[in-house]
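One-letter residues, chain by chain:
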Protein chains: 2
Amino acid sequence: MTDSVVLDTVDLRILRLLQNDARATYRELAEATGVAASTCLDRVARLRRSGVILGHRLELDPAKLGRGLQALLSVQVRPHRRELVGPFVDRIRALPESRAVFHLTGPDDYLVHVAVADMTDLQRLVLDEFTSRREVARVETRLIFQQWECGPMLPPGTAGTGR
Amino acid sequence: MTDSVVLDTVDLRILRLLQNDARATYRELAEATGVAASTCLDRVARLRRSGVILGHRLELDPAKLGRGLQALLSVQVRPHRRELVGPFVDRIRALPESRAVFHLTGPDDYLVHVAVADMTDLQRLVLDEFTSRREVARVETRLIFQQWECGPMLPPGTAGTGR
DNA sequence: AGTGAAAGCCTTATGTA
DNA sequence: TACATAAGGCTTTCACT
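Per chain, the residues get numbers from 1 upward, laid out in the order the sequence is written. Following the order in which they are written, the chains are lettered starting with A and the ligands numbered starting with 1. The model is predicted, so local features are restricted to residues of pLDDT at least 70 and side-chain atom pairs to those at 80 or more, both for listing and for counting; the totals for chains, interfaces and linings are taken over all residues. Each side-chain value is worked out from all heavy atoms of the structure, with water and hydrogens disregarded.

Looking at an unreviewed UniProt entry, chain A carries the name Lrp/AsnC family transcriptional regulator, with the source organism given as Streptomyces odorifer.

Before going further, it helps to examine the overall build of chain A. The secondary structure content of chain A amounts to 5 helices and 5 strands. Traced from its N-terminal end to its C-terminal end, chain A shows the element sequence α-α-α-β-β-α-β-β-α-β. Since a compact globule built from 163 residues should have a radius of gyration of about 15 Å, the 21 Å found for chain A marks it as more spread out than a globular shape. For chain A, the spread of C-alpha atoms along the principal axes amounts to about 60 × 35 × 25 Å. Remark: exposure states derive from per-residue accessible area (1.4 Å probe, protein chains only) relative to the maximum for the residue type, with buried under 20%, exposed over 50%, and partly exposed in between. When the 163 residues of chain A are sorted by exposure, 48% land in the buried category. The long-range fraction of contacts in chain A, counting pairs at least 24 apart against all pairs at least 6 apart in sequence, stands at 66%. Put simply, chain A has 23 plus and 21 minus side-chain charges, and the middle of one group is 3 Å from the middle of the other. Only DSSP runs of H or I covering at least 4 residues are called helices, and only runs of E covering at least 2 are called strands; the numbering of each starts at the N terminus. To get the radius of gyration, use the C-alpha atoms; to get the globule rule, take the number of residues to the power 0.38 and multiply by 2.2 Å. Only heavy atoms enter the contact rule, under which two residues are in contact if any of them lie within 4.5 Å. The convention is simple: Lys and Arg are positive, Asp and Glu are negative, and His and the chain ends are not counted. A single reference atom marks each charge: NZ on Lys, CZ on Arg, CG on Asp, CD on Glu.

Right, let's talk about the interface of chain B and chain A for a bit. Contacts between chain B and chain A engage 64 residues on the former and 64 residues on the latter. Two parts placed together each lose some accessible area under a 1.4 Å probe, and the buried area is that loss summed for both. Summing both sides of the interface, chain B and chain A together bury roughly 6,400 Å²; the carbon and sulfur share of this comes to 59%. By the criterion of area lost to chain A, the three top residues of chain B are Lys 64, Trp 148 and Met 153 of chain B, representing 14% of everything that side buries. Two residues, Glu 59 of chain A and Arg 57 of chain B, come together in a salt bridge whose shortest N-O distance is 3.5 Å. We define a polar contact as two N or O atoms separated by no more than 3.5 Å, with the added condition that, inside protein, one atom must be a possible hydrogen donor and the other a possible acceptor, whereas residues neighbouring each other in sequence contribute only through side-chain atom pairs. For the pair chain B and chain A, the interface holds 25 residue pairs in polar contact (both at pLDDT 80 or more). Where the side of chain B that touches chain A is concerned, the elements lending two or more residues are helix 1 (9-20), strand 1 (53-60), strand 2 (69-77), helix 4 (82-94), strand 3 (98-104), strand 4 (110-116) and strand 5 (136-149) of chain B. Here the term charged refers only to Asp, Glu, Lys and Arg, the term nonpolar to Ala, Val, Leu, Ile, Met, Phe, Trp, Tyr, Cys and Pro, and the term polar to all other amino acids, Gly among them. Grouping the constituent residues of the side of chain B that touches chain A by class yields 34 nonpolar, 16 polar and 14 charged. Should DSSP find at least two bridges between two strands, the strands are regarded as paired. Both strand 1 (residues 53-60) of chain A and strand 1 of chain B contribute to a ladder of 7 bridges, which runs antiparallel. Among the inter-strand pairings, Gly 55 of chain A is bridged to a residue of strand 1 of chain B, identified as Glu 59 of chain B. Salt bridges are counted wherever a side-chain nitrogen of Lys or Arg sits within 4 Å of a carboxyl oxygen of Asp or Glu.

A separate point is the relation of the copies chain B and chain A. Only residues with pLDDT of at least 70 in both copies contribute their C-alpha atoms to the least-squares superposition of the copies. For the pair chain B and chain A, the superposition axis carries a translation of 0.0 Å, the fit reaches an RMSD of 0.1 Å, and the rotation angle comes to 180 degrees. Interpreted geometrically, this transformation is the action of a two-fold axis. The position closest to the rotation axis in chain B is occupied by the C-alpha of Arg 57 of chain B, lying 2.6 Å away. Interface residue correspondence from chain B to chain A reaches 100%, placing this contact among same-surface, isologous pairings.

Right, let's get into the nonpolar core. Ranked by size, the top nonpolar core spans 24 residues in total, and within it Leu 73, Val 75, Phe 88, Tyr 110, Val 112, Leu 122 and Phe 130 of chain A carry the most contacts. Ranked by residues supplied to this core, first place goes to strand 2 (residues 69-77) of chain A with 5 residues. Filtering out sequence-adjacent residues up to four positions away, Leu 122 of chain A remains in contact with Leu 69, Ala 71, Val 114, Val 116, Thr 141 and Leu 143 of chain A. Within the second largest apolar cluster, 23 residues are counted, among which are Leu 69, Val 85, Tyr 110 and Val 112 of chain B. The criterion is simple. A nonpolar core is a set of buried Ala, Val, Leu, Ile, Met, Phe, Trp, Tyr and Cys residues joined through side-chain atoms within 4.5 Å.

Let us now look at the sheet that holds strand 5 (residues 136-149) of chain A. Judged by pairing direction, the barrel is antiparallel, and its 8 strands sit side by side in the order 2(A)-4(A)-3(A)-5(B)-2(B)-4(B)-3(B)-5(A) before closing back on the first. Pairs of neighbouring strands in the sheet enclose a mean axial angle of 35 degrees, with direction left out of account. Both strand 3 (residues 98-104) of chain A and strand 5 of chain B contribute to a ladder of 5 bridges, which runs antiparallel. The residue of strand 5 of chain B that forms the bridge with Leu 104 of chain A is Ile 144 of chain B. Convention adopted: a line fitted to C-alpha atoms gives each axis, helices being fitted over their contacting stretch, and angles between N-to-C directions are expressed from 0 to 180 degrees. In the packing of helix 5 (residues 119-131) of chain A onto the sheet, the strands contacted are strand 2, strand 4 (110-116) and strand 5 of chain A, and the crossing angle to strand 5 of chain A comes to about 140 degrees. Sitting on the sheet, helix 5 (residues 119-131) of chain B touches strand 2, strand 4 and strand 5 of chain B, and the angle it makes with strand 5 of chain B is about 145 degrees.

Attention shifts here to unusual backbone geometry. Residue Pro 79 of chain A is reached from Arg 78 of chain A by a cis peptide bond, and omega for that bond is -5 degrees. Looking at where Pro 79 of chain A falls in the secondary structure, it is placed in the loop between strand 2 and helix 4 (82-94).

Take the domain arrangement of chain A next. How large an interface is tends to be reported as the accessible area lost when its parts come together. Taken as a whole, chain A is organised into domain 1 (7-48) and domain 2 (60-142). Throughout the structure description, domain borders are defined by an automatic or database domain assignment. Here the C-alpha centroids of domain 1 of chain A and domain 2 of chain A sit 38 Å apart.

Let us look at the protein's contact with DNA strand D. Near is defined per residue: the residue qualifies when any heavy atom it owns lies within 4 Å of the molecule or strand. Taken together, Val 35, Ala 36, Ser 38, Thr 39, Arg 43 and Arg 46 of chain A together with Thr 25, Tyr 26, Arg 27, Ser 38 and Leu 41 of chain B make up the full set of residues adjacent to DNA strand D. Sugar and phosphate atoms form 67% of the subset of DNA strand D atoms that lie within 4 Å of the protein. Contact between DNA strand D and Arg 27 of chain B: a phosphate oxygen at 3.2 Å from a side-chain N or O atom of the residue. Per-element tally for the surface near DNA strand D: the top contributor is helix 3 (residues 37-49) of chain A, with 4 residues. Of the residues in the surface near DNA strand D, the class split is 4 nonpolar, 4 polar and 3 charged.

Residues and elements named next belong to chain A. Look at helix 2 (residues 26-33) against helix 3: their axes get within 8 Å of each other, and the N-to-C directions meet at 105 degrees. What the angle tells us is that helix 2 and helix 3 run roughly perpendicular. For the pair helix 2 and helix 3, the contacting residues are Tyr 26, Arg 27, Leu 29, Ala 30 and Thr 33 in the first and Ala 37, Cys 40, Leu 41 and Val 44 in the second. Across the contact of helix 2 with helix 3, the residue classes tally to 7 nonpolar, 1 polar and 1 charged. Oblique is the label for every angle not falling under 35 degrees (roughly parallel), over 145 degrees (roughly antiparallel), or within 65 to 115 degrees (roughly perpendicular).

See the structure below:
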């Protein structure tokens, strides 16, 4: 389950199409790939079973949901031991403001991507949920001016495959 | 298009359900929300039109695609002027290794989330695509041990609404 | 805006090669 | 494993409220 998976041209084309629009029908996939719709169904099911496709997620606009300000919080957790960092991550993940949490190499142990309503909300979040905790040694807050999601993720060296 | 949108209980329930499984059928949404399937269709179409729903995206496992190593690159671009940073962002976004780019406050102008095959690949990426460029003054690389996506994003103060 | 029903398309199980 | 087909379910439209 941890290893890389062998994908052929059809798999790659299907993934590329579904990344553009995850609601593409099997008929559309069939037309675009040249194989039968029922085969596309099999392929997608296999990609899900093998763990390549983790899920179909809705992408929402935070600003439209009243969370117009986003930030990255670099957090040092000290001492950096399992019995402290496990519950720390669990609590942070459960916050409605959290979008993603990264455990990193380097002096800052965690990076937390948060979406809040405004600066007041951010200050409250930092003070009440981070610096107030004994295991949190340091928090550095950086505001996000702008962000970009990048193109479809595909295996290395497949830039032109299947086109 | 930039302002927050008014969402009622039905909208919130639909968003919550679709975030758990973006492939939920309108019939399932109808059953869960208590309104007709055709109404759910209208609601989802409205949420898309108003920009709350940006898209339906496929979530893939980078490791299964031969990108078993992820990192965050903090980048200083100097001088930090539009005519330099615009092309810089465009080039970085176009890299197949890039997953996301953030423009931030603070001394590090950009944070780039990348997924690569291995350490050799990461070294190549940093040397060839970042430090080799004249406008890139500094790059700091942090490896990602582990990462977590967080729970559904909803408007502040709606934790219990509609349940 | 929401509803219910009807028409048509899509998904998906199955048999075959 | 891929295909074609068919049955059933889902989406989507529409007239009505």
